[in-house]
Amino acid sequence: MTSYIVCPDCGYKLFKAGDGSNVEILCPKCKLKLQIEIKDVKITILKIISEKA
C-alpha cells in the first residue's frame, strides 16, 4: 500500500512511500527535519531537533 506523507507542521505534501520505507527528509516549505518510517501500515513521523553549537 502506498501512502502520501505530509509535513505535520505546515501540511506540505512531501512524497509517497510504501511499506518498509525509512526516510529522513527536510521539508522544503518550513525547513523541519523529519524521520519517517512505514512498517506494517503504521506510519511514524519524528521531528529531528538538532542543537546548534
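Whatever comes next refers back to the structure up there.
Residues numbered from 1 in each chain as written. Predicted model: local features only at pLDDT ≥ 70, side-chain atom pairs only at ≥ 80, totals over all residues. Heavy atoms only, no water.

Here the focus is the nonpolar core. By size, the foremost hydrophobic cluster in this structure holds 10 residues: Ile5, Cys7, Leu14, Phe15, Ala17, Cys27, Leu32, Leu34, Ile36 and Ile38. Contributions of two or more residues to this core are made by β2 (13–18) and β4 (33–39). Those residues in contact with leucine 34 that sit more than four places away from it in its chain are Cys7, Pro8, Leu14, Val23, Glu24, Ile25, Ile45, Leu46, Lys47 and Ile48. (Core = buried A, V, L, I, M, F, W, Y, C linked by side-chain atoms within 4.5 Å. Buried < 20%, exposed > 50% of the residue type's maximum accessible area, 1.4 Å probe, protein only. Helix = DSSP H or I, 4+ residues; strand = E, 2+ residues; numbered from the N terminus. Contact = heavy atoms within 4.5 Å.)

What follows concerns the pairing of strand β1 (residues 2–6). In the case of a regular strand, side chains alternate between the two sheet surfaces. Residues Ser3 and Ile5 point to one face of β1 and are all buried, whereas Thr2, Tyr4 and Val6, pointing to the other face, are not buried. Bridge count for β1 against β2 is five bridges, and the pairing is antiparallel. Each residue of the ladder has a partner; that of tyrosine 4, found in β2, is lysine 16. In sequence, β1 turns back onto β2 through a hairpin of six residues, with glycine 11 there showing a positive phi of about 85°. (Pairing = 2+ DSSP bridges.)

Looking at the secondary structure, you find lysine 31 in the loop between β3 (22–26) and β4. Linking lysine 31 and proline 8, residues 23 residues apart in sequence, is a C-alpha distance of 12 Å. Among the polar contacts listed, one links the side chain of lysine 31 to the backbone oxygen of proline 28, at a separation of 3.1 Å. (Polar contact = N/O pair within 3.5 Å; in protein donor to acceptor, adjacent residues only side chain to side chain.)

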